[in-house]
Amino acid sequence: MNSMKSPTDSPVKALSVADVCAAADRIRPGIRRTPLLDLEVDGRRVLLKLEYLQRSGSFKLRGALNAMLSGPLDDPVVAASGGNHGLAVATAASLLGVSATVYVPQTVPSAKVRRIEAAGARLVRHGATFAEAVSAASEVAVRRGYRFLHPYDDPAVIAGQGTVAAEIVADAVDVDTIAATVGGGGLAAGTALSAGKRGVVAVEPEHCRCLHDALAAGRPTDSAVDSVAASATGASRVGKVPFTVLTAHDVSSVLVSDEQILQARDRLWEECRIAVEPAAAIPFAAWLAGQVPGELPCLIICGANADWTAGSGHT
């Protein structure tokens with residue numbers, strides 16, 4: 001594990017657990033308080049935070065809704081996404097009566113495209129990568145005067161994502177470690193804000209490791225994106241705001257292979273009939289490999305926007 005403690009770094013914005021509490025109050029009418037599942041697997045006890053049951057199919061609704069409610073609601077919004085943030089923005093916009101446009105890369109899974117459009121957002125395919133979609137969406141926002149909702153590099157988004165861990169802490173006071181998947185770092189940063197003295201483990205695929213590489217470089221840096229979980233963890237560079245939050249807290253970074261991720265995803269199905277996308281199984285993969293310490297760890301099972309239509313199977 002790599003230590004992520006760097007107290008000399010000055011924060012981009014002084015985010016705190018108070019921001020998470022304010023976000024929880026703000027978004028409560030629009031989200032579900034997702035349950036915890038208490039399991040014994042291989043003779044070890046573990047809790048799963050079933051955030052894949054959230055409206056829109058992932059934790060992303062929390063951050064998108066908090067960001068939208070933290071600003072003016074009379075402006076159209078534009079976002080870029082590998083799928084889940086776009087669906088969250090589309091869902092939040094529908095709840096609030098706001099017009100939304102979502103840019104996605106050409107590689108976005110068809111199931112996520114279908115759900116974004118069904119939620120009422122205008123969808124634009126642009127570029128081969130998430131980074132290219134972000135560039136196009138941010139340019140449109142500036143040119144047309146839209147609000148740009150970043151999927152993770154935004155304090156309001158991070159505070160919203162922190163409500164996941166806040167619920168864990170409230171519902172299971174004995175939890176001593178919380179593990180979260182890392183894409184651009186928003187969920188892990190929000191978890192660090194809410195965890196108190198509990199350990200936080202930030203888990204990434206071996207070949208989709210923007211946080212891990214940033215820690216080695218001492219700053220956000222470009223990383224390769226090549227993983228079975230890339231549609232949800234496909235950020236090529238960790239966000240500046242999440243990186244600042246994470247390096248100000250005692251968080252550990254670990255990596256898992258695509259093979260471990262798929263095995264963990266399949267085991268969630270076989271043992272619990274939990275059907276999730278690969279990214280959601282990443283913390284479980286780390287825990288199965290003994291990389292998540294603690295007497296009572298909790299793993300955030302973060303999203304289920306996979307394509308389960310006939311013929312797709314469990315691949």
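Bear in mind that the values here come from a model prediction, so they are computed numbers and not experimental data.

K.L.:
Explain the overall build of the chain to me, please; I cannot follow it from the model alone.
P.N.:
Summing up its helical and strand segments, the chain has twelve helices and eleven strands in all. Here the C-alpha atoms of the chain give a radius of gyration of 18 Å, agreeing with the 20 Å that 2.2 N^0.38 yields for 315 residues. Seen through its C-alpha atoms, the chain measures out along the principal axes to roughly 55 × 50 × 40 Å. Sorting the 315 residues of the chain into buried and exposed places 57% on the buried side. When contacts within the chain are restricted to residue pairs at least 6 apart in sequence, long-range pairs at least 24 apart make up 70% of them. Accessible surface, the chain: about 12400 Å² in total, of which carbon and sulfur atoms supply 49%. The positive charge centre, built from 29 side chains, and the negative charge centre, built from 32, are 6 Å apart in the chain.

K.L.:
Which parts of the structure should I look at to understand the packing of helix α8 (residues 210-217) against helix α10 (residues 240-247)?
P.N.:
Helix packing for two helices is described by the angle between their axes and how far apart those axes are. Following both chains from N to C, one finds α8 and α10 inclined at 65°, their axes separated by 12 Å at the closest point. When the axes of α8 and α10 are compared, the pair comes out roughly perpendicular. Handedness of the crossing formed by α8 with α10: right-handed. For the pair α8 and α10, the contacting residues are Leu211, Ala214 and Leu215 in the first and Phe243, Leu246 and Thr247 in the second. Split by residue class, the contact of α8 with α10 holds five nonpolar, one polar and no charged.

K.L.:
Help me understand the sheet that holds strand β7 (residues 147-149) in this model?
P.N.:
Sheet strands line up and pair through hydrogen bonds in the backbone, either parallel or antiparallel. Pairing in this open sheet of four strands is parallel, and the strands run β6-β5-β4-β7 from one edge to the other. For this open sheet the edge positions go to β6 (122-125) and β7, each flanked by a neighbour on one side alone. Averaged over all adjacent pairs, the angle separating strand axes in this sheet is 25°, with direction ignored. The pairing of strand β4 (residues 77-80) with strand β5 (residues 100-104) spans four bridges and is classified as parallel. Bridging across to β5, Val78 finds its partner in Thr101. Contacting β5 and β6, helix α4 (residues 110-118) runs over the sheet at an angle of about 145° to β6. Of the strands in this sheet, β4, β5, β6 and β7 are in contact with helix α5 (residues 130-144), which crosses β4 at around 165°.

K.L.:
For this particular structure, what's the right way to read the confidence of the model for the chain?
P.N.:
Low-pLDDT portions of the prediction should not be read for the details of their coordinates. Across the chain, pLDDT averages 89, with 92% of residues at or above 70. Within the model, pLDDT remains below 50 along residues 1-11, and this stretch shows 28 contacts once partners closer than five positions in the same chain are excluded. Taken as a whole, residues 310-315 scores under 50 in pLDDT and shows seven contacts with residues more than four places along the chain or in a different chain.

K.L.:
For this particular structure, what's the right way to read helix α11 (residues 258-272)?
P.N.:
Because an α-helix packs 3.6 residues into every turn, residues spaced three or four apart end up facing the same way. Across its 15 residues, α11 extends 21 Å between first and last C-alpha, which sits within 8% of the 21 Å expected from 1.5 Å per residue. Among the residues making up α11, those that are buried are Ile261, Ala264, Arg265 and Leu268. Taken around the axis of α11, the buried residues stretch over an arc of 100°, which confines them to a single face. Those residues of α11 that are exposed and angled more than 90 degrees off the buried face are Glu259 and Glu270. Remark: Arg273 follows α11 within two positions and exhibits a positive phi of approximately 55°.

K.L.:
Even after reading the chapter, I still don't get the nonpolar core, so can you show me in this structure?
P.N.:
Buried together is how nonpolar side chains tend to be arranged in soluble globular proteins. Tyr103, Leu299 and Ile301 are the most contacted members of the largest nonpolar core, which has 78 residues in total. No other element matches the seven residues that α5 contributes to this core. When neighbours within four sequence positions are excluded, Leu299 is seen to be in contact with Val46, Leu47, Leu48, Lys49, Ala179, Pro283, Phe284, Trp287 and Val292. With 27 residues, the next largest nonpolar core counts Ala79, Ala92, Val102 and Leu123 among its residues.

K.L.:
What's the story with unusual backbone geometry in this structure? I'm lost.
P.N.:
Positive phi values are uncommon outside glycine, yet Ser56 reaches one of about 80°. Mapped onto the fold, Ser56 is located in the loop between β3 (44-50) and α2 (60-69). Taking the relative accessible area as the measure of exposure, Ser56 reaches 15% and is therefore buried. In this structure, Arg273 takes a positive phi of about 55° despite not being glycine. Mapped onto the secondary structure, Arg273 falls in the loop between α11 and α12 (282-288).

Calculation criteria
Residues numbered from 1 in each chain as written. Predicted model: local features only at pLDDT ≥ 70, side-chain atom pairs only at ≥ 80, totals over all residues. Heavy atoms only, no water. Helix = DSSP H or I, 4+ residues; strand = E, 2+ residues; numbered from the N terminus. Rg over C-alpha atoms; globule rule 2.2 N^0.38 Å. Buried < 20%, exposed > 50% of the residue type's maximum accessible area, 1.4 Å probe, protein only. Contact = heavy atoms within 4.5 Å. Areas by Shrake-Rupley, 256 points an atom, 1.4 Å probe, with all protein chains shown as cover. Lys, Arg positive; Asp, Glu negative; His and termini not counted. Charge placed at Lys NZ, Arg CZ, Asp CG, Glu CD. Axes fitted to C-alpha atoms, helices over the stretch in contact; angles between N-to-C directions. Parallel < 35°, antiparallel > 145°, perpendicular 65-115°, else oblique. Left-handed = near helix turned anticlockwise from the far one by under 90°. Nonpolar A, V, L, I, M, F, W, Y, C, P; charged D, E, K, R; others polar. Pairing = 2+ DSSP bridges. pLDDT = per-residue confidence, 0-100. Expected span 1.5 Å × (residues − 1). Arc of directions from axis to C-beta. Core = buried A, V, L, I, M, F, W, Y, C linked by side-chain atoms within 4.5 Å.

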